[in-house]
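If you want the building blocks of each chain, they are given just below.
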Amino acid sequence: MTSITPVESRPDGDASGASPLAPNYRPLPVTLASGSGSWVRDVDGLMYLDMLAGYSALNFGHRHPGLIAAAHAQLDRLTLTSRAFDHDLLLPFAAALTELAAPVVVGTPMMLPMNTGAEAVETAIKAARKWGYEVRGVAPEQATIVVAANNFHGRTTTIVSFSTDEDARRGFAPYTPGFRVVPFGDVDALRDAIDETTVAVLLEPIQGEQGVVVPAAGYWPAVRALCTEADVLLIADEVQSGLGRTGTTFALELWGVRADLVTLGKALGGGILPVSAVVGRADVLGVLTPGTHGSTFGGNPLACAVGIAVVDLLRTGAPQARAAELGRHLHSRLHTLRESGLLEASRGVGLWAGIDVDPARMSGRELCERLLRHGVLAKDTHGATIRLAPPLTIALDDLDLAVDRLALALR
Ligand code: PLP
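Residues numbered from 1 in each chain as written. Predicted model: local features only at pLDDT ≥ 70, side-chain atom pairs only at ≥ 80, totals over all residues. Heavy atoms only, no water.

> Which parts of the structure should I look at to understand the overall build of the protein?
On a plain count of helices and strands, the protein comes out with 13 helices and 15 strands. On C-alpha atoms alone, the protein measures out to a radius of gyration of 21 Å, which is about the 22 Å that the 2.2 N^0.38 rule sets for 411 residues. Overall, the C-alpha framework of the protein stretches about 65 × 50 × 50 Å when taken along its three principal axes. When the 411 residues of the protein are sorted by exposure, 54% land in the buried category. A separation threshold of at least 6 residues defines the contact pool for the protein, and within that pool the share at least 24 residues apart is 72%. One way to put it: in the protein the 34 positive side-chain charges average out to a point 2 Å from where the 44 negative ones average out. (Helix = DSSP H or I, 4+ residues; strand = E, 2+ residues; numbered from the N terminus. Rg over C-alpha atoms; globule rule 2.2 N^0.38 Å. Buried < 20%, exposed > 50% of the residue type's maximum accessible area, 1.4 Å probe, protein only. Contact = heavy atoms within 4.5 Å. Lys, Arg positive; Asp, Glu negative; His and termini not counted. Charge placed at Lys NZ, Arg CZ, Asp CG, Glu CD.)

> When you look at the pairing of strand S7 (residues 198–203) in this model, what are you seeing that I'm missing?
The side chains of a regular strand alternate, residue by residue, between the two faces of the sheet. With 6 of 6 residues buried, S7 lies mostly within the body of the structure. In this sheet, S7 lies alongside strand S5 (residues 144–148) in parallel orientation, the contact comprising 4 bridges. When the sheet's bridge partners are listed, Thr 144 is paired in S7 with Thr 198. For the crossover that starts at S7, traverses helix H8 (residues 219–230) and ends in the parallel strand S8 (residues 233–237), the hand is right-handed. (Pairing = 2+ DSSP bridges. Right-handed = clockwise from strand over helix to strand, strands pointing away.)

> Could you clarify how one ought to interpret the sheet that holds strand S11 (residues 345–348) in this entry?
Whenever strands of a sheet pair, they do so through backbone hydrogen bonds, lying parallel or antiparallel. Read from one edge of the open sheet, 4 strands run S11-S12-S15-S14, paired in antiparallel fashion. Looking at the sheet topology across the chains shown, the edges are occupied by S11 and strand S14 (379–382). Mean inter-strand twist for the sheet, computed between neighbouring axes without regard to direction, equals 30°. Strands S11, strand S12 (353–356) and strand S15 (385–388) of the sheet are contacted by helix H11 (residues 318–339), whose axis makes an angle of about 165° with S11. (Axes fitted to C-alpha atoms, helices over the stretch in contact; angles between N-to-C directions.)

> Sorry, what's going on with the site of the ligand here?
The local shell around the ligand consists of Thr 116, Gly 117, Ala 118, Phe 152, His 153, Gly 154, Glu 204, Glu 209, Asp 237, Val 239, Gln 240 and Lys 266. With respect to the ligand, the side chain of Lys 266 contributes an N or O atom lying 2.8 Å from an oxygen atom. Of the residues belonging to the shell around the ligand, the class tally is 3 nonpolar, 5 polar and 4 charged. (Near = heavy atom within 4 Å. Polar contact = N/O pair within 3.5 Å; in protein donor to acceptor, adjacent residues only side chain to side chain. Nonpolar A, V, L, I, M, F, W, Y, C, P; charged D, E, K, R; others polar.)

> Mind showing me how you'd approach the environment of Gly 307 here?
Looking at the element boundaries, Gly 307 is found in helix H10 (residues 301–315). Residues contacting Gly 307, with those up to four places away along its chain left out, are Phe 93 and Leu 268.

> Even after reading the chapter, I still don't get the pairing of strand S4 (residues 109–114), so can you show me in this structure?
Burial analysis of S4 places 5 of its 6 residues in the buried class, which makes it a mostly covered element. The sheet contact formed by S4 and strand S10 (residues 276–281) spans 6 bridges and is antiparallel. When the sheet's bridge partners are listed, Pro 109 is paired in S10 with Arg 281.

Nothing here speaks to function; it is geometry throughout.
Rendered as structure tokens:
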């Protein structure tokens, strides 16, 4: 490992026009140039341990050899067709992904490929509404979807319409109607919010952006029972929680729950390109007939080649087992930091942790800046909370190094 020296901070982007880049992000002051596994190198040659892993888009690490090989092979063959024409990897990808997701989906699933996580969520919303009108007989334009407070499902105008994060929402009105917000984890509030207009309940199994908030053990089974009873679709947004992060292939497996629709993204693209999908009930996704929904890039040959390779990796069960094992180690070490008073709280499951620092001591941003100076990349979610989500391929020694550096940064 190259020795790590402090990094000068650089001016943040603003609206003055001095930078050609819009200021919608405030990245940490580091400029990366290459990466391999859990490590990245900046333009000055300094190395950093990546404890964010592209918000879980890099579950298999940077440039996983098998995934890169699959992408290279496909680059030399066929990259884009549009859905105007079929190609020879689209059905194999659909078969592989639906087989992988079958344990968490009601009935025999089908899939619809898109690109980003937000597009997968939009697709699920559209399918649920159309199913509500055409199958459930909900009165025209009356469909409602119940969502949770503190949700994060993406950045489109419809999705931010039901965000409770003012930074994400303010200024983007008029908002898309048809959403009801209830507290996350509150079964009674959810029951009260469901009526004859309700077509779906849309939830993250575990609220990632909120700081890896894991609901009580009885919550998801109760939500499933409510949805079944009311004939309302349960949509699980597994864009961040899915594909190994929780020590299971899908977070829903933690509670033995099946959803009607599951949204996937991030790690599905192997850290190489955006690949997302909705996997779910055939009678629900089946309402999206030709002309009603689509995407130029969704399900392109390159995406399918990488997606198939990702499913192949997960089919072995090895990344999930590793996430579970290393996760136990991570949570026990974080628990020790908590006991010693360095952390206010830590929580999570698998190789996924949310930690809170005392806001009187430092903000999450300041902690991440300190971590950066100690050669570790992490990102605050909000306030004094940061999320740790390294590649599932991280070495145990590297994980220990990250926690050692965290302790150092907290002192
Ligand atoms: N859904 C969840 C649960 C997410 O965490 C995210 C992104 O963080 C999204 C959807 C949106 O994904 P994307 O940024 O690829 O649009």
